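# Survey of secondary and tertiary structure
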Amino acid sequence: MTTLASIIREALNDVDKYKLDLTQSLRDAVEISKKAILHEGDSLMAGIRGPPGTGKTKVMEGLIYNEDVIDELLSGKYKFIYVAPTNELTTSGFARALRPIIKMLSEPIDEILSKIRIYGSTIPSPYFGNDLNELKKVATVSNDVLKKMVNGGIDDAIFVFATSYQSVSKKMRESGYKFILFVDEASKMPFYLPFNPVSEAELRELRELAQGNASGVVHSLVVVGDERQAVAVGPEYQGYGKSLLLLPMIENILVREKGSRQFMTLDTTFRLPEPTQWPIGDGFYADTGIQLRAVEDAKNRLENRLRNIDWEERRSRCRNLVSDKGNLWNTVVGTVENALSSLIPVILVNTKNTIKAGENSEPTRVRLAAYYAILLKCLLGNNVGISVIGPYIDLVEDARYYLRKIGGAKVNIRFLTVQSMLGGEDDIVISMLGKEWTSGTNDEEEVTIYFREPENLNVQLSRHKLMLIVIGNPQTLRNSAAEAAHRGKSRGLSAEAKRIHITIDTLLRLAGISANENILKPSEGKYAMFMKVDQ
């Protein structure tokens, strides 16, 4: 059970080894944020868009690990408040910030903790069982200080971590203090309960901040997020997610209204290995002026992970794992063994059948997902995590059921909808596509998932750290996107459809398929293989 005491003990155990290594892109983000906080830039706000795996939260660490920002906080004039949309992310933000706070303050741990508050509906308890005694083995910490961290007021606090701007904004306005506000507007935000619906009064205050006027309670504002990953959770908000987010508002005010240089997009992903980030980089972020890069080559990462896994010794047993063997199973075995032997990180499986209108599942995709999952788990063992994801709950649950049916009831594999996978990642991600088709009418386009919310495709192709397996009909999706882009020019659909078209084109190009190939054939490139199944 995670408690504040266990988080603090873990931080203290390795705080002496703490070192914050930032990419140039992250250093630039820290710099524009610092300018906003210290009132040294062209605005009192900063906005940072963080594509998948680029380490948005490290911006907050970089600010806290900065002497100028800490001096500003220790002056007694301001309080630093970190806001995230969920209890999990708020707790994670606190855990990330704790080591740099301890390093920068250089005070007895009890005094440091007394300057921190963490608020939320399900924030970890101060301590449980023997946690407090274990913590006291490494530091002198009183139980009163731990309780004060979650129940105390903010008068003597410097750092506040909270789950909802709505719940703290009133207290902020009534407190008489000035706040340095850092909003981690993660893509995992509950659109059914909009996290940051900025009122007209608050929007006016944002515009005043942009112009350099900090007359309200907010001394400065930094927002990190990515509206291009934001997928609506509630159906009533599908297609309207961006209008509920703060980051696009900040971009509009800073860039379009003011011409500020304090808005940027991070350009280096730690999660996705090179070049598997190319599809989303080309399709979703090229228009921001960046070329999305990765810190590690996919083949090198895969080779390093496989070095201590004797998967070839397990081949005979794993080939006979499934009793209802047929052409589909043999195809899966062949592609997996080829991918592992050749260190190919991306497998694209083009199914013959699409998901029909009125349905949210398709048997071939279900079987393929279960086959790939159980085979890879057998070959690679529990040291490699595997997730099966899809845009519809029926599709995901059918794959889970089929895995159990073929003997995988006790196999440790996660089955998640795209919405549930927001903000998440895994070593190997098996991604089942949703409806790729359009009916030829604009009305039908609006109810097929990728043309309503192309952000779904961004999320589906960006959760993996090691390998990505895409199951569906990318050929149909590419063709449908081209048609939709042409038809949608008069209705504003053109740009979103082009995102899909470019993304799939780049994905296929990894497998050696050029953009002008209309009838796709099995193909293999250096980093991806494309295969077709006649089911």
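What counts, and where the lines are drawn
- Residues numbered from 1 in each chain as written.
- Predicted model: local features only at pLDDT ≥ 70, side-chain atom pairs only at ≥ 80, totals over all residues.
- Heavy atoms only, no water.
- Helix = DSSP H or I, 4+ residues; strand = E, 2+ residues; numbered from the N terminus.
- Buried < 20%, exposed > 50% of the residue type's maximum accessible area, 1.4 Å probe, protein only.
- Contact = heavy atoms within 4.5 Å.
- Areas by Shrake-Rupley, 256 points an atom, 1.4 Å probe, with all protein chains shown as cover.
- Pairing = 2+ DSSP bridges.
- Axes fitted to C-alpha atoms, helices over the stretch in contact; angles between N-to-C directions.
- Phe/Tyr/Trp six-rings, centres within 6.5 Å; stacked < 30°, edge-to-face > 60°.
- Lys NZ or Arg CZ within 6 Å of the ring centre and 35° of its normal.
- Salt bridge = Lys/Arg side-chain N within 4 Å of Asp/Glu carboxyl O.
- Disulfide = S-S within 2.5 Å.
- Core = buried A, V, L, I, M, F, W, Y, C linked by side-chain atoms within 4.5 Å.
- Arc of directions from axis to C-beta.
- Parallel < 35°, antiparallel > 145°, perpendicular 65-115°, else oblique.
- Left-handed = near helix turned anticlockwise from the far one by under 90°.

Let us now look at the overall build of the protein. In terms of helices and strands, the protein carries 23 helices and 16 strands. Sorting the 535 residues of the protein into buried and exposed places 59% on the buried side. Pairs at least 24 residues apart make up 81% of the contacts formed inside the protein by residues separated by at least 6 positions. Here the protein displays about 21800 Å² of accessible surface, and carbon together with sulfur accounts for 45% of that area.

This part takes up the pairing of strand β3 (residues 116-119). Every second residue of β3 is oriented toward a common face, with Ile116 and Ile118 on one face and Arg117 and Tyr119 on the other, all of them buried. In terms of strand pairing, β3 meets strand β4 (residues 159-162) through 4 bridges, oriented parallel. Across the sheet, the residue bridging to Tyr119 is Ala162, located in β4.

Attention now moves to the sheet that holds strand β11 (residues 386-390). Here 7 strands make up an open sheet; going across it, the order is β12-β11-β13-β14-β10-β16-β15 and the pairing mixed. Strands at the two margins of the open sheet, each flanked by one partner only, are β12 (414-417) and β15 (523-524). Sheet strands touched by helix α15 (residues 327-342): β10 (346-351), β14 (464-472), β15 and β16 (528-533). Its angle to β16, the strand with the most contacts, is close to 175 degrees. Packing against the sheet, helix α16 (residues 363-380) makes contact with β10, β11, β13 (426-432), β14 and β16, and its axis sits at approximately 165 degrees to β13.

Moving on to the packing of aromatic side chains. Throughout the structure, instances matching the rule amount to 8 aromatic pairs. Ring geometry for Phe94 and Phe161: centres 5.8 Å apart, planes at 75 degrees, overall edge-to-face. Linking Phe94 in helix α5 (residues 87-105) with Phe161 in strand β4, this pair joins segments that are 67 residues apart in sequence. Residues Phe94 and Phe161 agree in their burial class; the two are buried. The positively charged end of Lys58 is found above the aromatic ring belonging to Phe270, 6.0 Å away from the centroid. Against the face of Tyr177 rests Lys79, its NZ or CZ located 4.3 Å from the ring centre.

So, on to the sheet that holds strand β2 (residues 78-83). Reading across the sheet, the 7 strands line up as β3-β4-β2-β5-β6-β1-β7 and stay open at both edges, with parallel pairing between neighbours. The open sheet has two edge strands with one neighbour each: β3 and β7 (263-265). When the angles between neighbouring strand axes are averaged without regard to direction, this sheet yields 15 degrees. Direction of pairing for strand β1 (residues 45-49) relative to β7: parallel, over a ladder of 3 bridges. Bridging across to β7, Gly47 finds its partner in Phe263.

What follows concerns the pattern of salt bridges. Tallying each qualifying case throughout the model produces 27 salt bridges. Salt-bridge contacts for Lys148 lead to Asp156; the nearest nitrogen and oxygen are separated by 2.5 Å. Among the salt bridges present, the one from Arg228 reaches Asp287, with a minimum N-O distance of 2.6 Å. You can see Arg228 sitting in the loop between β6 (218-225) and α11 (246-258) and its partner Asp287 sitting in the loop between α12 (278-285) and β9 (293-294), a full 59 residues away along the chain. What makes Arg228 buried here is its relative accessible area of 10%. Within the structure, one salt-bridge network assembled from shared partners comprises Arg49, Glu227, Arg228, Glu251, Asp287, Glu496 and Arg499.

For the rest of this paragraph, the subject is the state of the cysteines. Tallied over the full model, the rule gives 1 disulfide. With a sulfur-sulfur separation of 2.0 Å, Cys318 is cross-linked through a disulfide to Cys378. Handedness here is read from the sign of the S-S torsion; for Cys318 and Cys378, about -85 degrees, the answer is left-handed. Placement of Cys318 in helix α14 (residues 315-319) and of Cys378 in helix α16 is noted, with a sequence separation of 60 residues between them. Exposure class is identical for Cys318 and Cys378. Each is buried.

The subject of this paragraph is the nonpolar core. Counting residues in each nonpolar core, the largest one holds 88 residues, and the members touching the most others are Tyr372, Leu380, Val388, Ile430 and Leu457. Broken down by element, the residue count for this core peaks at 13 residues, all from α16. When residues no more than four places from it in sequence are discounted, the contact partners of Leu380 are Leu306, Ile309, Trp311, Arg314, Leu340 and Ile428. One finds Tyr18, Val30, Ile64 and Val224 within the second-largest nonpolar core, a separate group that totals 60 residues.

The next thing to look at is helix α4 (residues 67-74). For α4, every residue scored as buried is listed here: Val69, Ile70, Glu72 and Leu73. End-on view of α4: buried residues confined to an arc of 155 degrees, all on one side of the axis. Exposed residues on α4 whose side chains face more than 90 degrees from its buried face are Glu67 and Asp71. Where α4 ends, the next residue or the one after it, Gly76, has phi of about 90 degrees, a positive value.

Moving on, we come to the packing of helix α1 (residues 4-13) against α5. Viewed as axis vectors pointing N to C, α1 and α5 meet at an angle of 40 degrees, and their least axial separation amounts to 10 Å. It follows that α1 is oblique to α5 by the angle criterion. Our pair here, α1 against α5, has a crossing hand that is right-handed. Contacts between α1 and α5 involve Leu4, Ile7, Ile8, Glu10, Ala11 and Leu12 on the former and, on the latter, Thr91, Phe94, Ala95, Leu98, Arg99 and Ile102.

Keep in mind these values describe shape, not function.
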